[in-house]
Amino acid sequence: MLEPDTEYRVRYHTTGTGLDSWSEPVIFRTLPDLPPPKRPDIGPQPSARNPYTGQPWTARWGGLLLGENSSIVLEEVAGLLDAPDVRTSDAELLQRDGLTPGTDYMGARTITLTMLALDDHELPDLLAAFAPGGDERPLEFAFPGVAGGRSRLLARVRKRNVTVDRDFHAGRRRVTIELLATDPRLYSADQARATVAVAVPRGGRPIFPLTFPFDMGNGPTSRSAPDIDNRGSVDTWPVVRLTPATGEIRDPSLILVHDGVRRRFATRGLRVGRGDALVIDMGRRRITLNGASRFGQVDPGSAWFALPPGASTVQLDVLEGPDGVTADVLWRSAWM
């Protein structure tokens, strides 16, 4: 065994009948030890357990990555851009042709996923994740040209079909899943948030009962409301959270302004103390104070408003309360 990076001197000795001679010396040096070749970085191996990062043509369901860099190949996604079934309220005309036009509403959305499972070890995880039943869970996806590129919806598994054939035996297992989304909208992956303040601070003084002489105060003028931008194509329902930090407020109200049209949501006889949490979910028609329903204290003339596509403003007002009262408006842009 020759040592690396070492010089050696070699002579050849020839023997035989009448022969006994030595060759001229041959000098050579062995090469130094070479580092092992670098293994190419091929990145993460395809696996359904790889993280979902919102790369194009990927999706996530139940903690499993679908599409690129996954052992679960998305062959087809149907139903995302289809129009849901329409729930019509048209009424038949008595003894006349035609119908009385009513209001149309969208029904549920059905999505069909056609996939190939290429890993024996991850097939049980796929079947478990897409087991029918249970509550709605998010399907997150990043498909260019669909609902802003990165979107989500809530759905449940209604049907699962696994084809067992020669391809299944060869490692190409085709799985077809039918999902039902009771809310047909496609929502942006990121939730937007804006903080709105009382437009005209009350300075902690009640408005009623009126006393003379009137004191108009020297408080600041109306505060501008931030733009609330629904980048989608259909109305989206906001959630409003109000937690007073400095004192009690009385009868908060909200006004949506869009294209000059105002819609007002108001409460009556509602007091929200310092540190209390008032949550108004416009889509579910739900208002809670520290988790308890306050639906009975919604003003009868109130409108549970949605945010139309484009820019709007939401104004906050209180009948009585300290300066600096704010509320957070949370929403997701929506597409149909």
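Keep in mind that this is a model prediction, so the values were computed, not measured.

### So, a nonpolar patch on the surface
Step number 1: The grouping of Leu2, Tyr12, Val26 and Phe28 at the surface amounts to a nonpolar patch, some 370 Å² of accessible area in total.
Step number 2: Residue position: valine 26 is located in strand β4 (residues 26-29).
Step number 3: By relative accessible area, valine 26 is classed as partly exposed at 38%.

### Here's the deal with the nonpolar core
Step number 1: Ranked by internal contacts, the top residues of the largest apolar core, which has 30 residues, are Leu66, Met115, Phe130 and Leu179.
Step number 2: Going through the elements one at a time, β5 (58-61), β6 (64-67), β7 (72-78), β12 (109-117), α1 (123-129), β13 (137-142), β14 (151-162) and β15 (173-181) are the ones with two or more residues in this core.
Step number 3: For methionine 115, the residues in contact, after removing those within four places along its chain, are Leu66, Ile72, Val73, Leu74, Glu75, Leu126, Phe130, Arg173, Arg174, Val175 and Ile177.
Step number 4: Leu270, Met282, Phe305 and Leu307 belong to the second largest nonpolar core, which has 28 residues in total.

### Considerations on the side chain of threonine 267
Step number 1: Position of threonine 267 relative to the elements: it lies in the loop between β21 (261-266) and β22 (271-272).
Step number 2: Within the structure, threonine 267 has its side chain in polar contact with the backbone oxygen of proline 252 (distance 2.8 Å).
Step number 3: When sequence neighbours within four positions are dropped, the list of residues in contact with threonine 267 reads Asp251, Pro252, Ile287, Gln297, Val298 and Asp299.

### Some words on the sheet that holds strand β24 (residues 286-289)
Step number 1: Overall, antiparallel pairing links the six strands, which are arranged β17-β27-β19-β23-β24-β25 in an open sheet. Strands with a single pairing partner mark the edges of an open sheet, and in this sheet they are β17 (192-197) and β25 (292-293).
Step number 2: With four bridges connecting them, strand β19 (residues 239-242) and strand β23 (residues 278-281) associate as antiparallel partners. What sits directly across from valine 239, in β23, is aspartate 281.

### Section: the packing of aromatic side chains
Step number 1: Per the stated rule, a full pass over the model turns up six aromatic pairs.
Step number 2: Note on tryptophan 61 and phenylalanine 130: the rings are 5.5 Å apart at their centroids and 10 degrees apart in plane angle, and the pair reads as stacked. Here tryptophan 61, found in strand β5, pairs with phenylalanine 130, found in the loop between α1 and β13; they are 69 residues apart in sequence, far enough to count as distant.
Step number 3: According to the relative accessible area criterion, phenylalanine 130 is buried, its value standing at 0%.
Step number 4: Seen from their ring centres, phenylalanine 295 and tryptophan 304 are 6.0 Å apart, and the 10 degrees between their planes marks the pair as stacked.
Step number 5: Classification of phenylalanine 295 by relative accessible area gives partly exposed; the value is 46%.
Step number 6: Sitting over the face of the ring of phenylalanine 168, arginine 173 holds its NZ or CZ atom 5.2 Å from the ring centroid.

Rules and cut-offs
Sequence order as written defines the numbering, with residues in each chain counted from 1. Reporting in this predicted model follows two pLDDT cut-offs: at least 70 for local features of residues, and 80 or more for side-chain atom pairs to be given and counted; totals over whole chains, interfaces and linings ignore these cut-offs and use all residues. Where side-chain values are given, they derive from all heavy atoms of the structure, hydrogens and water being excluded. Patches in this entry comprise residues that are over 30% relatively accessible and not in a salt bridge; like charges within 9 Å are linked, as are nonpolar side chains (Val, Leu, Ile, Met, Phe, Trp, Tyr) within 5 Å. Note on areas: Shrake-Rupley with a 1.4 Å probe; residue coverage comes only from the protein chains shown. Each reported salt bridge corresponds to a side-chain nitrogen of Lys or Arg within 4 Å of a carboxyl oxygen of Asp or Glu. Working definition: helices are DSSP H or I runs of at least four residues, strands are E runs of at least two. Numbering for both runs from the N terminus. Burial status follows relative accessibility: with a 1.4 Å probe on protein chains alone, a residue under 20% of its type maximum counts as buried, one over 50% as exposed, and anything between as partly exposed. Here the nonpolar core consists of buried residues drawn from Ala, Val, Leu, Ile, Met, Phe, Trp, Tyr and Cys, with membership extended through side-chain atoms lying within 4.5 Å. We call two residues in contact when some of their heavy atoms are within 4.5 Å. Within 3.5 Å is the distance limit for a polar contact, defined as a pair of N or O atoms, with the added protein rule that one can donate a hydrogen and the other accept it, and that residues adjacent in sequence qualify only through two side-chain atoms. By the convention used here, strands pair only if DSSP detects at least 2 bridges between them. Any Phe, Tyr or Trp ring, taking Trp's six-membered ring, that has another such ring centre within 6.5 Å forms a pair; planes under 30 degrees apart are called stacked, those over 60 apart edge-to-face, and the others tilted. Charge over a ring is defined by NZ of Lys or CZ of Arg lying within 6 Å of the ring centre and within 35 degrees of the ring normal.

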